[in-house]
Amino acid sequence: MISHRPSSAARLAAGAALGLALAVTAAPAVAQDNDGAYWLARKNHIVVTATRIATKAEDVPATVTVKTDEQMADELVTDIRDLVRFEPGVSVQRQPARFNAALSATGRSGNDSFNIRGIGGNRVLIQVDGVRVPDGFSFGAQAAGRGDYVDLGLVKSVEILRGPSSALYGSDGLAGAVSFITADPADFLDGGKSVGGLARAAYSSADEEFSETLILAGRSGDWSAMAAYTRRDYKELDNKGTVGGTGTARTEPNPQDGRSDALLGRIVYDPANGHKLRLTGEYLDTRLFTEGLTGLSPTVELLEARDTGQRKRVSLDWSWQGEGAIDFARVALY
């Protein structure tokens, strides 16, 4: 992913060398001025996945991690594999595309799913704004993983719960739960602004992916709305293979050409009396073309795959926060 840097490489090198020298010769390191605020913010993160009610992360009797959009940007996250690469006990499987025409589906599911402490597949709950995503699917040479059901460009935070949560969610929470939380208009309207948004572009050399995200939000009185769009274009995931040609001896990746379009629209009514009503529409469309050169043989002259996926969601949710016997309530229809 490309990020902006100062134009003078020499100045950066000199600054890095000076910083290293100071670090070696100085007295024991002292925390930076903002470290305390950073860790305080981490401790005060509010999570919902672990207990199904809003709770401070430090008060949750379970191992739960919160990934904010700022952290994802700092870690140059482009997909869910990047999302969990620094998380112990959590991984995402992605096999090379080496399927054949009849039986093997190896590699056709892309980023298959999350694996938490050795258990993965449909035994890990994945949800977006509290709504479950569909299960993974595999039959013969056909496969659809769950890892590409959510576009991270539209997500403001991710909660990862390790450990059995089936008592809260059912059998699909046996290994844990991963909750994606999408952005609200208020996230882009700080300081009483009536209009806000962001534009972002990124590039990943691993699969030559170009991604562009555009978000626009506005507010009028008690009403606010936002529209977000992310586009991704990518190729096959690069590897260290050097053997080309066709057949099972090929070690270079099979050529691929993929793209995805993700849209999110949301209207919020917030009269500032504890009530909040949200109407959300979400659409994700993915397409991937693969030329299966590794599956070619004297009996197979052509092997191509066109994998497409769509996920559509419309949801209406109401929440209330106040004081008394009930301090929080939420009802959702989707």
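What counts and how
Residues numbered from 1 in each chain as written. Predicted model: local features only at pLDDT ≥ 70, side-chain atom pairs only at ≥ 80, totals over all residues. Heavy atoms only, no water. Helix = DSSP H or I, 4+ residues; strand = E, 2+ residues; numbered from the N terminus. Buried < 20%, exposed > 50% of the residue type's maximum accessible area, 1.4 Å probe, protein only. Contact = heavy atoms within 4.5 Å. Areas by Shrake-Rupley, 256 points an atom, 1.4 Å probe, with all protein chains shown as cover. pLDDT = per-residue confidence, 0-100. Patch = residues over 30% accessible without salt bridge, like charges linked within 9 Å, V, L, I, M, F, W, Y side chains within 5 Å. Salt bridge = Lys/Arg side-chain N within 4 Å of Asp/Glu carboxyl O. Core = buried A, V, L, I, M, F, W, Y, C linked by side-chain atoms within 4.5 Å. Pairing = 2+ DSSP bridges. Axes fitted to C-alpha atoms, helices over the stretch in contact; angles between N-to-C directions. Phe/Tyr/Trp six-rings, centres within 6.5 Å; stacked < 30°, edge-to-face > 60°. Polar contact = N/O pair within 3.5 Å; in protein donor to acceptor, adjacent residues only side chain to side chain. Lys, Arg positive; Asp, Glu negative; His and termini not counted.

Asker: Just checking my understanding: could you explain the overall build of the protein chain for this structure?
Answerer: The secondary structure content of the protein chain amounts to 5 helices and 18 strands. Out of the 334 residues in the protein chain, the part that is buried amounts to 38%. Long-range pairs, those at least 24 residues apart, make up 58% of the contacts in the protein chain with a sequence separation of at least 6. Working note: accessible area of the protein chain is about 18900 Å², and carbon and sulfur atoms make up 57% of it.

Asker: Help me out: how do you make sense of the confidence of the model for the protein chain in this one?
Answerer: In low-pLDDT regions, the fine details of the predicted coordinates are not to be read closely. With 81% of its residues at a pLDDT of 70 or more, the protein chain has an overall mean of 83. This model gives residues 1–32 a pLDDT under 50, and the stretch forms 8 contacts once residues within four places in sequence are excluded.

Asker: For this particular structure, what's the right way to read a nonpolar patch on the surface?
Answerer: Among the surface-exposed residues, Trp 223, Ile 267, Tyr 269, Leu 277, Leu 279, Val 314, Leu 316, Trp 318, Val 331 and Leu 333 lie close enough to one another that they form a single nonpolar patch of about 930 Å² accessible area. Among the secondary structure elements, those contributing two or more residues to the nonpolar patch are β15 (256–269), β16 (275–291), β17 (304–321) and β18 (328–333). Of the residues forming the nonpolar patch, the biggest block, 3 residues, is contributed by β17. By the element assignment, Leu 333 lies in strand β18.

Asker: What is the right way to look at the nonpolar core in this model?
Answerer: Nonpolar side chains in soluble globular proteins generally cluster together in the buried interior. In this structure, Leu 83, Val 84, Phe 114, Val 150, Val 158, Val 178 and Phe 180 are the most contacted members of the largest nonpolar core, which totals 22 residues. Every element with two or more residues in this core is listed here: α4 (80–83), β4 (90–92), β5 (114–116), β6 (124–128), β10 (155–162) and β11 (176–182). Once you skip the residues sitting within four places of it in the chain, Val 84 turns out to touch Val 90, Ser 91, Val 92, Phe 114 and Ile 160. Leu 154, Phe 188, Ile 215 and Ala 217 belong to the second largest nonpolar core, which has 11 residues in total.

Asker: Before we go on, may I ask you to explain the sheet that holds strand β3 (residues 63–68) in this structure?
Answerer: One open sheet holds the 5 strands; their spatial order is β3-β10-β11-β6-β7, and the pairing between them is mixed. A strand with exactly one partner marks an edge of an open sheet, and here the two such strands are β3 and β7 (131–132). Bridge analysis of β6 against β7 gives 2 bridges, and the strand direction is antiparallel. Counted as the bridge partner of Val 128 is Val 131 from β7.

Asker: Would you explain the sheet that holds strand β14 (residues 223–235) in this entry?
Answerer: Backbone hydrogen bonds hold the strands of a sheet together, and the pairing may be parallel or antiparallel. Spatially, β12-β13-β14-β15-β16-β17-β18 is the arrangement adopted by the 7 strands of the open sheet, whose pairing is antiparallel. At either end of the open sheet lies a strand with only one pairing partner, and these are β12 (195–204) and β18. Each strand axis lies, on average, 10 degrees off the axis of its neighbour in the sheet, ignoring direction. Bridging between β12 and strand β13 (residues 209–220) involves 10 bridges; their strand directions are antiparallel. From the neighbouring strand, Ser 204 faces β13, where its bridge partner is Glu 209.

Asker: What's the story with unusual backbone geometry in this structure? I'm lost.
Answerer: Glycine aside, negative phi is the norm for most residues, and most peptide bonds take the trans geometry. Here the phi dihedral of Asp 129 falls at roughly 55 degrees; this positive angle occurs in a residue that is not glycine. Looking at the secondary structure, you find Asp 129 in the loop between β6 and β7. Judged by relative accessible area, which is 11%, Asp 129 ranks as buried.

Asker: Would you explain the packing of aromatic side chains in this entry?
Answerer: The description of an aromatic ring pair uses the distance of the two centres, along with the angle that the planes make with each other. Under the criterion given, the structure shown has 3 aromatic pairs. With centroids separated by 6.4 Å and ring planes inclined at 45 degrees, the aromatic side chains of Phe 114 and Phe 180 adopt a geometry described as tilted. With Phe 114 in strand β5 and Phe 180 in strand β11, this residue pair connects regions lying 66 residues apart in the sequence. Of the two residues, Phe 114 and Phe 180, both sit in the buried class.

Asker: What should I look at first to understand the side chain of Thr 65 in this one?
Answerer: Considering the arrangement of structural elements, one finds Thr 65 in strand β3. With a relative accessible area of 12%, Thr 65 lands in the buried category. Polar contacts involving the side chain of Thr 65 include one to the side chain of Glu 87, which spans 3.3 Å. The contact partners of Thr 65, leaving out residues within four places of it in the chain, are Glu 87, Val 158, Glu 159, Ile 160 and Arg 162.

Asker: For this particular structure, what's the right way to read the side chain of Arg 146?
Answerer: Tracing the backbone shows Arg 146 in the loop between β9 (142–144) and β10. There is no salt bridge for the buried Arg 146, and the closest opposite charge comes from Asp 135, which lies 4.1 Å off by N-O distance. Polar contacts involving the side chain of Arg 146 include one to the main-chain carbonyl oxygen of Val 124, which spans 2.4 Å. Sequence-distant contacts of Arg 146, defined by excluding residues within four places in its chain, comprise Asn 111, Asp 112, Ser 113, Gly 121, Asn 122, Val 124, Ile 126, Val 133, Pro 134, Asp 135 and Gly 136.

Asker: Looking at this model, I keep getting lost on the pattern of salt bridges. Mind explaining?
Answerer: Where charged atoms of side chains with opposite charge meet at close range, the side chains can pair. The final tally for this structure, using the stated rule, is 24 salt bridges. Linking Arg 231 and Asp 233 is a salt bridge whose minimum nitrogen-to-oxygen distance equals 3.0 Å. A relative accessible area of 25% means that Arg 231 is categorised as partly exposed. A residue is classified by how much of its surface remains accessible, and Asp 233, at 27% relative accessible area, is partly exposed. Note that Arg 278 and Asp 317 form a salt bridge whose closest N and O atoms lie 3.2 Å from each other. Placement of Arg 278 in strand β16 and of Asp 317 in strand β17 is noted, with a sequence separation of 39 residues between them. Both residues of the pair, Arg 278 and Asp 317, count as buried. Ionic contacts of the salt-bridge type, sharing partners, join the residues Asp 129, Asp 184, Arg 266, Arg 278, Glu 282, Arg 311, Arg 313 and Asp 317 into one network.

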